[in-house]
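Residue-level listing of the chains:
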Amino acid sequence: DVKVTQSSRYLVKRTGEKVFLECVQDMDHENMFWYRQDPGLGLRLIYFSYDVKMKEKGDIPEGYSVSREKKERFSLILESASTNQTSMYLCASRTTSGSPIEQFFGPGTRLTVL
Amino acid sequence: KQEVTQIPAALSVPEGENLVLNCSFTDSAIYNLQWFRQDPGKGLTSLLLIQSSQREQTSGRLNASLDKSSGRSTLYIAASQPGDSATYLCAVLGYSTLTFGKGTMLLVSP
């Protein structure tokens, strides 16, 4: 079974702190994704990566950056956390080969910025 | 831009009922459609995936159908149980990324 893990289930940070959210997948997937999920707004794509050292902006990249130095790991970075970044963050991975092309999600990180 | 709509937004049924969740999308140029389940405070669990060339998929008490030409999918849950209570999300895969609906929150009461 595909496993996507996230470094923390719950995280509390202060405004202005630099925050790192880590995601690791164990199935050698090329594509990895970061979403945030907010009540009434659904899931919104922040950034995604096609492969190592490659990244693409999603729908709401402002205030975030990402890093993918190894294929299995995709990090989301909040350079200077703000209260409006309080949210549930979900990581996902997906292969590009074979069929079907199915996306798998991690358990989520609930981030609170005070 | 692809838009995905799920109706109803919330549904409450007594245990044992059969029920249908609806999903519609605006752009029929999709590779596949996935149905996910999300429990409160948790991540998404993939339930069923229908490829664009398929009409339906079944897993246990769940059956998902796809009518790509009309931009619609349904998730049918037979003999609902309290353990089915969760939010159900529909997502379509376009050129590169999934587009999600906002989900249907299902409550099955004993």
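Residues numbered from 1 in each chain as written. Chains lettered and ligands numbered in written order. Predicted model: local features only at pLDDT ≥ 70, side-chain atom pairs only at ≥ 80, totals over all residues. Heavy atoms only, no water.

## Side note on the overall build of chain A
In terms of helices and strands, chain A carries zero helices and eleven strands. For chain A, the α and β elements follow one another from N to C terminus as β-β-β-β-β-β-β-β-β-β-β. For 114 residues, the compact-globule estimate of 2.2 N^0.38 gives 13 Å, and the C-alpha radius of gyration of chain A, at 13 Å, lies within 12% of that figure. Projected onto its principal axes, the C-alpha positions of chain A cover 45 × 30 × 25 Å. Residue burial in chain A is summarised as follows: out of 114 residues, 46% are buried. Of the roughly 5,500 Å² of accessible surface on chain A, 50% is carried by carbon and sulfur atoms. Here chain A carries 16 positive and 15 negative side-chain charges, and the mean point of each set is 6 Å from the other. (Helix = DSSP H or I, 4+ residues; strand = E, 2+ residues; numbered from the N terminus. Rg over C-alpha atoms; globule rule 2.2 N^0.38 Å. Buried < 20%, exposed > 50% of the residue type's maximum accessible area, 1.4 Å probe, protein only. Areas by Shrake-Rupley, 256 points an atom, 1.4 Å probe, with all protein chains shown as cover. Lys, Arg positive; Asp, Glu negative; His and termini not counted. Charge placed at Lys NZ, Arg CZ, Asp CG, Glu CD.)

## So, the sheet that holds strand 7 (residues 64-70) of chain A
Residue and element names in this part refer to chain A. Pairing in this open sheet of four strands is antiparallel, and the strands run 1-3-8-7 from one edge to the other. Of all strands in the sheet, those with a lone pairing partner are strand 1 (4-6) and strand 7, marking the two edges. Shown here is a sheet whose adjacent strand axes are inclined to one another by a mean of 20°, direction ignored. Pairing geometry for strand 3 (residues 19-25) and strand 8 (residues 73-78), over six bridges, is antiparallel. Bridged to V24 within strand 8 is R73. (Pairing = 2+ DSSP bridges. Axes fitted to C-alpha atoms, helices over the stretch in contact; angles between N-to-C directions.)

## Description of the nonpolar core
In this structure, B:F25, B:L33, B:W35, B:L75, B:I77, B:Y88 and B:L106 are the most contacted members of the largest nonpolar core, which totals 22 residues. Elements with a minimum of two residues in this core: strand 3 (19-25), strand 4 (32-38), strand 5 (44-51), strand 7 (62-67), strand 8 (72-77), strand 9 (86-93) and strand 11 (104-109) of chain B. When sequence neighbours within four positions are dropped, the list of residues in contact with B:I77 reads B:E17, B:N18, B:L19, B:R61, B:L62, B:D84, B:Y88 and B:L106. Counting residues in each nonpolar core, the second largest holds 20 residues, with A:V4, A:V19, A:I46 and A:L78 among its members. (Core = buried A, V, L, I, M, F, W, Y, C linked by side-chain atoms within 4.5 Å. Contact = heavy atoms within 4.5 Å.)

## Let's talk about the packing of aromatic side chains
Enumeration according to the criterion identifies nine aromatic pairs over all chains in this entry. Taken together through their ring pairs, the aromatic side chains of A:F33, A:Y35, A:F48, A:Y50, A:F105, B:F36 and B:F100 make up a single cluster. (Phe/Tyr/Trp six-rings, centres within 6.5 Å; stacked < 30°, edge-to-face > 60°.)

## Focus on the sheet that holds strand 6 (residues 56-59) of chain B
All names here are of chain B. Taken together, five strands build an open sheet; the order of strands is 1-3-8-7-6 and the sheet is antiparallel. The open sheet terminates on both sides in strands that have one partner only, identified here as strand 1 (4-7) and strand 6. Taking each pair of neighbouring strands and ignoring which way they run, the sheet shows an average axis angle of 15°.

## Quick notes on the state of the cysteines
All names here are of chain B. For the coordinates displayed, the defined rule picks out two disulfides over all chains. Two residues share a disulfide in this structure: C23 and C90, whose sulfurs sit 1.9 Å from each other. Its S-S torsion of approximately -55° makes the covalent link between C23 and C90 left-handed. Of this pair, C23 sits in strand 3 while C90 is found in strand 9, placing the two residues 67 residues apart along the sequence. (Disulfide = S-S within 2.5 Å.)

## Considerations on the interface of chain A and chain B
One frequent convention defines the size of an interface as the accessible area lost when the parts assemble. Every contact between the two is made by 21 residues of chain A and, on the other side, 18 residues of chain B. In this assembly, chain A packs against chain B so that about 1,600 Å² is buried in total across both faces, 56% of it on carbon and sulfur atoms. For the interface between chain A and chain B, the tally reads zero salt bridges. Linking chain A with chain B are eight residue pairs in polar contact (both at pLDDT 80 or more). At the level of secondary structure, the elements contributing two or more residues to the side of chain A that touches chain B comprise strand 4 (31-38), strand 5 (42-49), strand 9 (87-94) and strand 10 (103-105) of chain A. Its residues assigned to classes, the side of chain A that touches chain B comprises 13 nonpolar, five polar and three charged. (Buried area = accessible area lost by both parts, 1.4 Å probe. Salt bridge = Lys/Arg side-chain N within 4 Å of Asp/Glu carboxyl O. Polar contact = N/O pair within 3.5 Å; in protein donor to acceptor, adjacent residues only side chain to side chain. Nonpolar A, V, L, I, M, F, W, Y, C, P; charged D, E, K, R; others polar.)

## Quick look at unusual backbone geometry
With an omega dihedral of 0°, the bond running from B:I7 to B:P8 counts as a cis peptide bond. Of note, B:P8 is situated in the loop between strand 1 and strand 2 (10-14). Although it is not a glycine, A:D28 sits at a positive phi angle of roughly 60°. With respect to the element layout, A:D28 can be found in the loop between strand 3 and strand 4. Despite not being glycine, A:K53 has its phi angle at roughly 65°, a positive value.

## Side note on the side chain of B:S73
All names here are of chain B. When you line up the elements, S73 lands in strand 8. Reaching out from S73, the side chain makes a polar contact with the side chain of W35 at a distance of 3.1 Å. A distance of 2.6 Å separates a polar side-chain atom of S73 from the backbone oxygen of S65. Not counting the four nearest positions on each side in its chain, S73 is found in contact with L21, N22, C23, L33, W35, I50, S65 and L66.

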